[in-house]
Structures are given as C-alpha cells and as structure tokens.
Protein chains: 2
Amino acid sequence: MPVNLPLPQADNLKPVAGVELGWAEAGIRKANRKDVLVVRVAEGSTVAGVFTRNRFCAAPVQVCREHLAAAKGIRALVINTGNANAGTGHLGLANARATCDAVAAKLHITTDQVLPFSTGVILEQLPVDRLVAALPAAIASAKPDNWLAAAESIMTTDTQPKAASRTVQIDGKTVTLTGISKGAGMIRPNMATMLGFIATDAAVAQPVLQALVSHAADHSFNSITIDGDTSTNDSFVLIATGKSGAAVVDRAEGPAFEALREAVTGLAQELAQMIVRDGEGATKLMTIRVEGGKDVAECRQIAYAVAHSPLVKTAFYASDPNLGRILAAVGYAGVDDLDVDRVNLWLDDVWVARDGGRNPDYLEEDGQRVMKQAEITVRIALGRGNAEATVWTCDLSHDYVSINADYRS
Amino acid sequence: MPVNLPLPQADNLKPVAGVELGWAEAGIRKANRKDVLVVRVAEGSTVAGVFTRNRFCAAPVQVCREHLAAAKGIRALVINTGNANAGTGHLGLANARATCDAVAAKLHITTDQVLPFSTGVILEQLPVDRLVAALPAAIASAKPDNWLAAAESIMTTDTQPKAASRTVQIDGKTVTLTGISKGAGMIRPNMATMLGFIATDAAVAQPVLQALVSHAADHSFNSITIDGDTSTNDSFVLIATGKSGAAVVDRAEGPAFEALREAVTGLAQELAQMIVRDGEGATKLMTIRVEGGKDVAECRQIAYAVAHSPLVKTAFYASDPNLGRILAAVGYAGVDDLDVDRVNLWLDDVWVARDGGRNPDYLEEDGQRVMKQAEITVRIALGRGNAEATVWTCDLSHDYVSINADYRS
C-alpha cells in the first residue's frame, strides 16, 4: 500500500502545448500491457537531462548522451518497459540506435533527434522487432491530453501511475509544467529503474535548461533512496517547448529563472516523493533533514547514512523510537571531525537528543506518538555551519524482503 | 539458525598462560544471566587494541584509549553486557572510570591498568552499583580454562558463544592463541556491538603488537558486514603474555613476526566469520572477493557495495541468481574510471559475467546450483591491477526484519 499517494486524475494533468504522448502494447515482456510510450516534442523545443552515474550504464543512456551532445534539436522520446537493454554490449547499443532510427523514419526527423529510454530486465537483449512493430500504434495515438496513460505506460512494479501538474506565472504569462515518473525500488531484479520526465511550455535556452534540470535533480530524484541501489538506467529529462508565449529564459538568474526553477524543482520533488511513497514494501515516508553542516556534501552524507541504515529503517517500520540507531548512523557517516556534543535530534516537533545525548526532557511516549505516523520528519542539527540538505526515504518492511526475494521464484 | 557454526567445545579451547577469566551475574539488564566478565592479565604482558571509528563512541571506548595511551601495563579487562554506556555524556565517562577504579582496588593495581568494555542499551546510564557489586564473584571465579564461559558471558543477541584456539611454532616453541567474539548485528536496538578478544602466550613488543592487531582487524573484523551499521562500542583487543618462553617478537618483520601475524589474523578471521555466521536472520555466508583492482581501497569499496546491497542480499536469501544486481552494485560503488568491459564475475566456479556482459556459456541452472549452497564465494575481477580484498557478509531475510522491527514491541 503506497503511503498517502492518491491516484492521479486525468482532469488534473494539464496538457503542455507542443507535447503529444502516445502508447502501444508491444508485448516486450508481457502481453496486453502498455509498454511503449512515444513523446512527440514540437520543433524549437529545448531538452536537457541527467542520467545514472552507474558505470554499468545502459545502452539507451549512452545513446541519450550522444544525441543530446549532437544538439540537433530533440523531437521525440521513445520509452519501453519490460527490458532495460543494460549489460547488453554492442548489440544492445545497436538495438537502441535501431529503435531511434525507426522512430525517426516514421516522424521524418533524424535519428539523433530521438532519445531512447528502457526499463526492465537486465542482461537480456531488447526484442527490438516487437518494439518497432508497435511504434505506428503509439504514434497514431499521440495527443496532448494523454499524460495519465503515459504515466501508466512506463510503470513496471509501481503499484500506481505517478503524474502531476502545476502552473507558474512568468512575464505575466501562465506557464504550465506536467511530469510523470516511475520507480519503486532503485533496481528490481528484472524490472528496474527510476525515470522522470517533465515538460513545460516555457521557453528556455539550452544551457539554462541544463542548469534547471541539474538543480531539480539534485533536490528531488537525487535526494531519494529506497534501498541505496542505483539503477543502470536512471534518467530525468526536462522539455521546454516555448509555446506559452512567455519570453525566453536565457540566463540562469533573475526572477523568471528563479520562478521557473522553483516550479520545476517543486514538481520534480513531488514526482520523486511519489516514488518513495510507492517504495517496495513502504509503509512510511521519512524526510531526513540535516542542518547546521559545514557544507551540503556532509549534510547529504549524514542524511544518506541515516536513510540507508537498515536498523533505522526497520525501527520506523516497527514504529519504535530507537534513538540510538539514528545517532549511531550520524556517528559512522564518515564526517571525521564531527563534534557529537553539538548534535541535536528531533522527530517532528519532539526534541529527542540534546548536545549529543538523550534530552533529559524527552519522554518515550512522545517519540512513540510521532513514530506511529505515516509521515515523519527526522531533523538533525550538527551545530557546525549553515549548510543543509534533505533526503526522502521509506521504511524497510517484511514486504520489501518478500518482493525482492520472491520475485522470480 | 547460524550458518555452519558448531558449538565450541570447552576441551578445544586452550588456556593461555598468564590469562585468567571469571564471570558473574550482575543483573545489569536481566537477572540470572552471565553479564560481567573479568579477564586478569599477568604482569609484563603487552596489550593493544583497535576501536570503533563511530564519532558517537561509547564512554568505555574513550577510557580504553586513555588507559592504553598511559602505557602503565594493562593488567585486567572488565566487560559488561546489557548496557553499552554510549550516548551517556560525562556521567557515562565517570561510570566507566568508577568501574575501572573498583577492579583496580580489588586487584591492587592502578585504574589505568584496567580496560573497560560495555555492550547493550544505548542512551541509558550504566547501573554501576550492580556492576561493582558483582566484581568479587567474577574475580573469585577467574581461572585459565574458563574461555567457554567467558564467551558465553559476553553474548547479547548472539544465538551461541563464539570462541576458537590455535597454536603456532615460533623459535621452536609452541605458542598458543585463544580468542572469543560476540556480535550478531553491527548494532542492535538495545543490545549492540562487536567485541573480539585474543590472548597469546607469545612475547610481543608493544609497537609490534599494535601492528599485529591492526593488520588482523583489517583482514577480519573490519572485513565483515551484516547490515552496514557500525556500533558505538566495537572493540578488538590482543593480549600477549610472553609466558610461552618464545623469544620476544620485537620487530614487525621476519619469520617469527610473519608466523604470529598469520596465526593472529587467521584466528581473528575465524572469530569474525563466526559473527557473520550468527548474523541476524542469516541463512547464508557469502565471501565477496574483489581482485584485479588498482589498490586495496577500491577493491574494498566495491566489495562493500556488493555486500551492503539489500537487493544482492535478498537475492542470496531467495537463492535467486540475479546477476544484474551484483553488476549494478559494482557499477555504482563509486570507482569513477572503472571500465566495465573488463569486469568478470564468478559464483564459486561458475563464470557468470564475462567482459562486462552475460557470459555466453553461462547457464542459469549452474548459477542456481551455487546459489542454493549455504556458503558462496562471489569473485569479481576488475582487470585493472593486482590489488585484492575480501569481505564476508550474510543474506537479508525475513528474520532480519522481524528481529530488528519486533525487538522492543
């Protein structure tokens, strides 16, 4: 059961002028399910992305990087589920390129104007014939108000589709942003990967768009963790069509840039948190906020140590206010000159640890009350600077083990 | 059920001349269980240790470091279970010192000749009165052939005591080594910590002993992981009484040093592996061996990424040869210039991944056969140098979640 994750309603997902989405059932791994999505992007749009840092990065990720570097103007995205095309060597690269060739031929664009994405089985070759055979149906069904179906078509082990919209005023014009995401574990045995796509009708110069997507990724998809595993295929792409009529955002500063950055980052956070809410076996959403650090890097390091600790995660699953586990994770996070006597810890509004030890006024019943909630903020103050960072994660439950141990059996 | 971990037999645990061990039931946390151990060490012995790097290190660890630095000649160790004396501030330090005072008074030695160790509840004050009241009984029962009872008296959530002996020839003399260890998770909600103690009747100069204990720790207790959590109290201590009659080992080189290093490291590995075999919920022992690295650090980094991956650990629990999970962990381990096309992977004798992709000759039934075993070696060859490292870990099972989630409920 996902944590406070309502089903998206088609009516709440706003079309983005210049973007059309169409799906098909290619039977990549299973019959009778949406497993191919084509996103058509209007001419003149800018597109930027961030991709997995896993050294075993998948073939489509390599092709995405090449095609973005070619800078011919991206006109289409093609996404398949059921097969990750990862660990597939030269044939895998050829298959990713063949997929782009096929999309390009049908849309009368060039191969390097197409970005490919795959998610699913690792170490098996992509059934490229079945994928290509389904492209005409996907292209024929493409339309602007198809975001909910698009979110459904990129699901793998997600229990429900993930999508959201928002608007922001820029230059007196209403700019729309709509995005979709998928992912439930960072890697699944056969069904892998986090994917995120956001489109806006703002007009954004390419270098500014890259700054936006990097900033948003750092504060959203790069700030969540379910099990600490990084997929071979993780991708987050931002599309700006410019169809809103608002002036081009061509500098990475100023009010228009800041408004857009806040909107993109906020939407990316919403989509990223949806992934955690739907995390494998998740029963709780935890926000781990570390403040008072010397720099952001050490704040993130400590937040991730807490978020990755199986002992912390099982304590949250059990609603057990096991404070020592959180402090111990802070202590072993690798910040060598940390003065633990300055560390303070709160669970929501409950002051748990004070100056490195148990707060004398702390009552276990107060901790217990917070731990029973479905959403909990862990706030850790380091007392050594002004930097801060936030990471979102979920608990570690019996269902996580069942899902991951029993998947192929 | 521990993995291939036979109960130690008292007859197989050899006394070490110059070491006497006595226990008592102090009722630190629970009545009617051995929870205090005193180890008496003959005058003229050398003692060296390595301790947790957790910044929230416990009061007894701080006192151990002080007393070893004082270099007055350690004459006694006092170990309690049921309370970790961690996160306890100035009162905790005072309680650890008071414990040493009491031992020193009874044995007519000085406080800084006593090393204190605690394991148990974090963030609660040590019941020092009950501990001190039990010391006369522990001291009265001290005798050389008490190693099995000593191993029992430091258990917390261990399902069985951990102890082993071996002998080595040095200078034509038979030198004896006997050790005990405890630990089942790196941290427990209330019952914490890995502890290891080895005594030998070899004569070893202090700086050489420190080199021995560091080397042995790196290749044993610092090369195991159950859940990636590092305790606030982890300690490993090596005692050399010199009673064997073998010449003093006073240089960190040469045949005598090498023979002793091999014996100490081998015994430490045996004791460390016992902790993994008894890991919380463990059903399998995995040896993760990374070879062909540029340096040991990157080999360890990759081995730990594999050993800590919840997805790898659940796959082993399920006996599911999920190769992509291991390769993905290698890829995200943080070795930025890793050429994945040179990576090879074996499960025992089965060549699974070749040159970064699936070995064309690999059959899933072969992987399945190995995965069903209780002990499995994962060998990863990086093809970029001659360094290597080995890490031991266990799988992640339903019982791990149950043990850690249900502990206090």
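Residues numbered from 1 in each chain as written. Chains lettered and ligands numbered in written order. Predicted model: local features only at pLDDT ≥ 70, side-chain atom pairs only at ≥ 80, totals over all residues. Heavy atoms only, no water.

1. Comments concerning the environment of Gly292 of chain A
Consideration 1: Its place among the elements puts Gly292 of chain A in strand E11 (residues 285–293).
Consideration 2: Apart from residues no more than four positions distant in its own chain, Gly292 of chain A is found in contact with Leu382, Gly383, Arg384, Gly385, Asn386 and Ala387 of chain A. (Helix = DSSP H or I, 4+ residues; strand = E, 2+ residues; numbered from the N terminus. Contact = heavy atoms within 4.5 Å.)

2. A look at the environment of Gly367 of chain A
Residues and elements named next belong to chain A.
Consideration 1: By secondary structure assignment, the location of Gly367 is in helix H10 (residues 364–371).
Consideration 2: For Gly367, a relative accessible area of 0% corresponds to the buried category.
Consideration 3: Separated by 16 residues in sequence, Gly367 and Trp351 place their C-alpha atoms 8.8 Å apart.
Consideration 4: For Gly367, the contacting residues outside a window of four places in its chain are Pro321, Leu347, Val350 and Tyr362. (Buried < 20%, exposed > 50% of the residue type's maximum accessible area, 1.4 Å probe, protein only.)

3. Some thoughts on the pairing of strand E7 (residues 173–182) of chain A
All names here are of chain A.
Consideration 1: Most of E7 sits out of view: eight of its ten residues are buried.
Consideration 2: Bridge analysis of strand E6 (residues 162–170) against E7 gives nine bridges, and the strand direction is antiparallel. Looking at the pairing, Ser165 lines up with Thr178 of E7.
Consideration 3: Counted along the chain from E6 to the antiparallel partner E7, the turn is two residues long, and its residue Asp171 has a positive phi close to 55 degrees.
Consideration 4: Relative to strand E8 (residues 195–200), E7 runs antiparallel, the two sharing six bridges. The partner of Ser181 across the bridge, within E8, is Gly196. (Pairing = 2+ DSSP bridges.)

4. Details of the side chain of Thr178 of chain A
Residues and elements named next belong to chain A.
Consideration 1: With respect to the helices and strands, the residue Thr178 is situated in strand E7.
Consideration 2: Overall, Thr178 belongs to the buried group, its relative accessible area being 0%.
Consideration 3: Among the polar contacts made by the side chain of Thr178, one reaches the main-chain carbonyl oxygen of Lys14 at a distance of 2.6 Å.
Consideration 4: A polar atom in the side chain of Thr178 sits 2.6 Å from the side chain of Ser165.
Consideration 5: Leave out the neighbours within four places in its chain, and Thr178 touches Lys14, Val16, Trp147, Ala164, Ser165, Phe197, Ile198, Ala199 and Leu267. (Polar contact = N/O pair within 3.5 Å; in protein donor to acceptor, adjacent residues only side chain to side chain.)

5. Some remarks on the UniProt feature "binding site: substrate" (unreviewed entry) in chain A
All names here are of chain A.
Consideration 1: UniProt records the feature "binding site: substrate" (unreviewed entry) for Thr156, Lys182, Thr193, Glu280, Asn404 and Ser409 in the present numbering.
Consideration 2: Along the chain, the position of Lys182 falls in strand E7.
Consideration 3: Looking at Lys182, the relative accessible area reads 0%, which means it is buried.
Consideration 4: Of the polar contacts made by the side chain of Lys182, one reaches the side chain of Thr119; its length is 2.8 Å. (UniProt positions renumbered as here; feature names shortened; annotations may be inferred.)

6. Some thoughts on the packing of helix H2 (residues 89–107) of chain B against helix H3 (residues 128–140) of chain B
Residues and elements named next belong to chain B.
Consideration 1: Where H2 contacts H3, the two axes come as close as 10 Å, and the packing angle between them is 25 degrees. Classified by the angle between their axes, H2 and H3 sit roughly parallel to one another. Crossing geometry of H2 relative to H3 is assigned as right-handed. Residue-level inspection shows Asn95, Ala98, Thr99, Ala102, Val103, Lys106 and Leu107 of H2 in contact with H3, the latter providing Val128, Leu131, Val132, Leu135, Pro136 and Ile139.
Consideration 2: Grouping the constituent residues of the contact of H2 with H3 by class yields ten nonpolar, two polar and one charged. (Axes fitted to C-alpha atoms, helices over the stretch in contact; angles between N-to-C directions. Parallel < 35°, antiparallel > 145°, perpendicular 65-115°, else oblique. Left-handed = near helix turned anticlockwise from the far one by under 90°. Nonpolar A, V, L, I, M, F, W, Y, C, P; charged D, E, K, R; others polar.)

7. Quick notes on the relation of the copies chain A and chain B
Consideration 1: At an RMSD of 0.0 Å, chain A and chain B line up after a rotation of 180 degrees and a shift of 0.0 Å along the axis. Accordingly, the operation relating the two chain copies is best matched by a two-fold axis. Taking the C-alpha atom as reference, chain A places His398 of chain A closest to the rotation axis, 3.0 Å from it.
Consideration 2: A share of 100% of interface residues in chain A that are also interface residues in chain B marks the association as one of identical surfaces. (Least-squares fit on C-alpha atoms with pLDDT ≥ 70 in both.)

8. Structural notes on the packing of aromatic side chains
Consideration 1: The full count for this structure, using the stated rule, is six aromatic pairs over all chains.
Consideration 2: Look at Trp346 of chain A and Trp351 of chain A: their rings are 5.6 Å apart centre to centre, the planes differ by 15 degrees, and that puts the pair in the stacked class.
Consideration 3: Summarising the aromatic geometry, the rings of Phe117 of chain B and Phe197 of chain B are spaced 4.9 Å apart at their centres and angled 85 degrees between planes, so their arrangement reads as edge-to-face. Taken together, the residues Phe117 of chain B in strand E5 (residues 114–121) and Phe197 of chain B in strand E8 (residues 195–200) connect sequence positions 80 residues apart.
Consideration 4: Phe197 of chain B sits in the buried class, given a relative accessible area of 5%.
Consideration 5: Above the plane of the ring of Trp23 of chain B lies Lys34 of chain B, whose end atom (NZ or CZ) is 4.8 Å from the centre.
Consideration 6: Against the face of Trp351 of chain B rests Arg354 of chain B, its NZ or CZ located 4.8 Å from the ring centre. (Phe/Tyr/Trp six-rings, centres within 6.5 Å; stacked < 30°, edge-to-face > 60°. Lys NZ or Arg CZ within 6 Å of the ring centre and 35° of its normal.)

9. So, the sheet that holds strand E13 (residues 350–354) of chain A
All names here are of chain A.
Consideration 1: A sheet is described by the order of its strands in space; here seven strands give the open sequence E9-E16-E11-E15-E12-E13-E14, paired in mixed fashion. Of all the strands in the sheet, the pair left with one neighbour each is strand E9 (224–225) and strand E14 (357–358).
Consideration 2: Pairing analysis gives two bridges linking E13 to E14, with the strands arranged antiparallel. From the neighbouring strand, Arg354 faces E14, where its bridge partner is Gly357.

10. What about the interface of chain A and chain B?
Consideration 1: Contacts between the two partners involve 51 residues from chain A and, on the opposite side, 51 residues from chain B.
Consideration 2: Of the roughly 4,400 Å² buried between chain A and chain B on both sides combined, carbon and sulfur atoms contribute 61%.
Consideration 3: When contributions to the side of chain A that touches chain B are tallied by element, the ones reaching two or more residues are helix H8 (310–317), helix H9 (323–331), E14 and helix H11 (398–405) of chain A.
Consideration 4: A breakdown of the residues in the side of chain A that touches chain B according to their chemical character gives 23 nonpolar, 17 polar and eleven charged. (Buried area = accessible area lost by both parts, 1.4 Å probe.)

11. A look at the nonpolar core
Consideration 1: Judged by nonpolar contacts, the single largest core of 73 residues is most densely connected at Ile380 of chain A together with Leu77 of chain B.
Consideration 2: If we ignore the near neighbours within four places in the chain, the residues touching Leu77 of chain B are Leu37, Val38, Val39, Val41, Leu115, Phe117, Phe197, Val237 and Ile239 of chain B.
Consideration 3: Counting residues in hydrophobic clusters, the runner-up holds 44 residues, among them Ile122 of chain A together with Val340, Leu347 and Ile376 of chain B. (Core = buried A, V, L, I, M, F, W, Y, C linked by side-chain atoms within 4.5 Å.)

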